Amino acid sequence: MRWLEHLPPSSAARCRALFTNHREFSDITPTQYEAAYAWLREANLLDDVHSSLPAAQRVFTATITHGGVHWLRDADDLVRSPDELPEDAVHAAEALGLTPAAAFAHVITAWGKVDTAERVRVGMAGEVALVKLLRDCVDADVNHVAAAADGYGYDIAVHAGDYILHVEVKTTLRRSRLKIYLSRNEFEAMRRDPHWQLVVVRLDSDDKIAAIATVHREWVASEAPVDGGMSGRWESCRFDVPPSALCPGIASLLPVLRSHAPPLLTGGITWPGAASAPVHDP
């Protein structure tokens, strides 16, 4: 924090001289100051030393996002109030003079940024993997429409004569819990499009498909929130999908599946699949 507080009006060299020679700062050794400076650089906190955000907030956020804390990815479930802050976050907040309420707010903000970035990456990896698998295994045109525009309400279009399938893909890396987010546009596409299908894909640690399942649209319709008035409406919804709402594979593909189609598509592999099930290699 001292670096971030003194760097804006001064240089690093002047700060070093101050920290080394002034009695007020002698509780920390020069080596510790240099180690702190190196950490600030690694955490990109020196890129904007004139930030308007308080130094304590910046250091706390960097500590939980760059410190490799294992719980941050699941913070929405594990940390639902200031009382549920993990011990390492509590200690960091205390050292920086932050209240539990402020620390909780910064944790939720940091989780939101990490979760959004990870969901975008994993989501695209799942779509690309499923498009490749479909192109290898169906006698139909497979178009990754989401790669060109995100307004269709689905990600993949499969067409063959009169056969039409519109696949909305949700991807996860987890085996134990299936949590998906559905936009209002995707939900409305489900309601108006009889060819719309919600498909979940689980990737392994190498971004290979380990399992595929179809989510019953009746379950989605029954679990979706209902707008309470004329002046407000939901735009995005989180679903915690139970196993009972899943059907392994994509049964609606059967009319266009090739004979060598893998059990991933035919339903021969149950959700969530093997820990490292290989993708079929035709």
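Just so you know, the residues in each chain are numbered from 1, in the order the chain's sequence is written. With the structure being a predicted model, the display of local features is reserved for residues of pLDDT at least 70 and the display and counting of side-chain atom pairs for 80 or more, all residues being used for whole-chain, interface and lining totals. Think of the side-chain values as coming from all heavy atoms in the structure, minus any hydrogens and water.

If you look the protein up in an unreviewed UniProt entry, it shows as Protein NO VEIN C-terminal domain-containing protein from Actinoplanes digitatis.

### Considering the environment of S52
Of note, S52 is situated in the loop between α3 (30–42) and α4 (55–66). Categorising residues by exposure relies on relative accessible area from a 1.4 Å probe, with only protein chains included: less than 20% of the type maximum marks a residue as buried, more than 50% marks it as exposed, and the intermediate range marks it as partly exposed. Judged by its relative accessible area of 75%, S52 falls in the exposed class. Secondary structure follows DSSP: runs of H or I at least 4 residues long count as helices, runs of E at least 2 residues long count as strands, and numbering of each begins at the N terminus.

### Structural notes on the packing of α4 against helix α6 (residues 87–96)
To get an axis, a line is fitted to the C-alpha atoms, and for a helix only the part in contact is used. The angle between two axes follows their N-to-C directions and goes from 0 to 180 degrees. Packing of α4 against α6 leaves a shortest axis separation of 10 Å and a crossing angle of 160°. In terms of their interaxial angle, α4 and α6 are classed as roughly antiparallel. Considering only the axes of α4 and α6, their crossing is right-handed. Along the contact surface, α4 presents A56, V59, F60 and T63, while α6 presents A89, A92, A93 and L96. Looking at side-chain class alone, the contact of α4 with α6 contains seven nonpolar, one polar and no charged residues. Any angle that is under 35 degrees is reported as roughly parallel, and any over 145 degrees as roughly antiparallel; angles of 65 to 115 degrees are reported as roughly perpendicular and all others as oblique. Here is the rule for handedness: rotate from the far helix to the near one, and if that takes an anticlockwise turn smaller than a right angle the crossing is left-handed, while a clockwise turn gives right-handed. Any two residues whose heavy atoms approach within 4.5 Å are treated as being in contact. The nonpolar class holds Ala, Val, Leu, Ile, Met, Phe, Trp, Tyr, Cys and Pro. Asp, Glu, Lys and Arg form the charged class, and all remaining residues, Gly among them, are polar.

### Quick word on the side chain of E186
Looking at the secondary structure, you find E186 in helix α8 (residues 184–192). Throughout this description, a polar contact denotes any pair of N or O atoms lying within 3.5 Å of each other; where both atoms belong to protein, one of them has to be capable of donating a hydrogen while the other can accept it, and for residues adjacent in sequence the pair is counted only when both atoms sit in side chains. In this structure the side chain of E186 is engaged in a polar contact, spanning 2.8 Å, whose partner is the backbone nitrogen of S183. Apart from the residues within four sequence positions on either side, E186 is in contact with G153, E168, K170, Y181 and W196.

### Comments concerning the side chain of R184
Along the chain, R184 turns up in helix α8. Judged by its relative accessible area of 7%, R184 is buried. Reaching out from R184, the side chain makes a polar contact with the side chain of D227 at a distance of 2.9 Å. Setting aside anything within four residues of it in sequence, one finds R184 in contact with D227, R233, W234 and E235.

### Thoughts on the sheet that holds strand β2 (residues 156–160)
Pairing is mixed in the open sheet, where six strands are placed in the order β1-β2-β3-β5-β6-β8. If you trace the sheet from one side to the other, it starts and ends with β1 (141–143) and β8 (246–248), each paired once. Taken over all neighbouring pairs, the strand axes of this sheet differ in orientation by 30° on average, direction set aside. Two strands are counted as paired when DSSP detects at least two bridges linking them. As paired elements, β1 and β2 share three bridges and run antiparallel to each other. Of the residues in β2, the one forming a bridge with N143 is A157. Across the sheet, helix α7 (residues 100–137) lies against β1, β2, β3 (163–172), β5 (196–203) and β6 (209–215), angled at about 140° from β3, the strand it touches most.

### Some points on the packing of α4 against α7
Axis separation between α4 and α7 bottoms out at 10 Å; the angle between their running directions is 50°. Considering the angle they form, α4 stands oblique to α7. The two elements α4 and α7 cross, and the hand of that crossing is right-handed. Across the interface between the two elements, Q57, F60, T61, I64 and T65 from α4 touch A103, H106, V107 and A110 from α7.

### Some thoughts on the layout of surface pockets
Rolled over the atoms, a probe with the dimensions of a water molecule shows which regions are left empty. In this structure, the largest pocket occupies an estimated 900 Å³ of space. Of the two site types, the cavity is a set of points on a 1 Å grid over the protein atoms alone where a 1.4 Å probe fits but cannot get out, and the pocket is an open set with protein on both sides within 12 Å along at least five of seven lines, each lined by residues with an atom within 4 Å of a point. Around the largest pocket sit 31 residues that line it, and R119, V120, G123, K170 and T171 are the ones nearest its centre. When residues of the lining of the largest pocket are traced back to their parent elements, those giving at least two are α7, β3, β4 (179–183) and α8. The biggest single contributor to the lining of the largest pocket is α7, with nine residues. Across the lining of the largest pocket, the residue classes break down as ten nonpolar, eight polar and 13 charged. Of the volumes computed, that of the second largest pocket is approximately 330 Å³. Of all the elements in the fold, those that place two or more residues in the lining of the second largest pocket are α4 and α7. With six residues, the top contributor of residues to the lining of the second largest pocket is α4. In the lining of the second largest pocket, the residues fall into five nonpolar, seven polar and two charged. Grid points are joined across faces, edges and corners, and a volume is the space filled by probe spheres set on the points.

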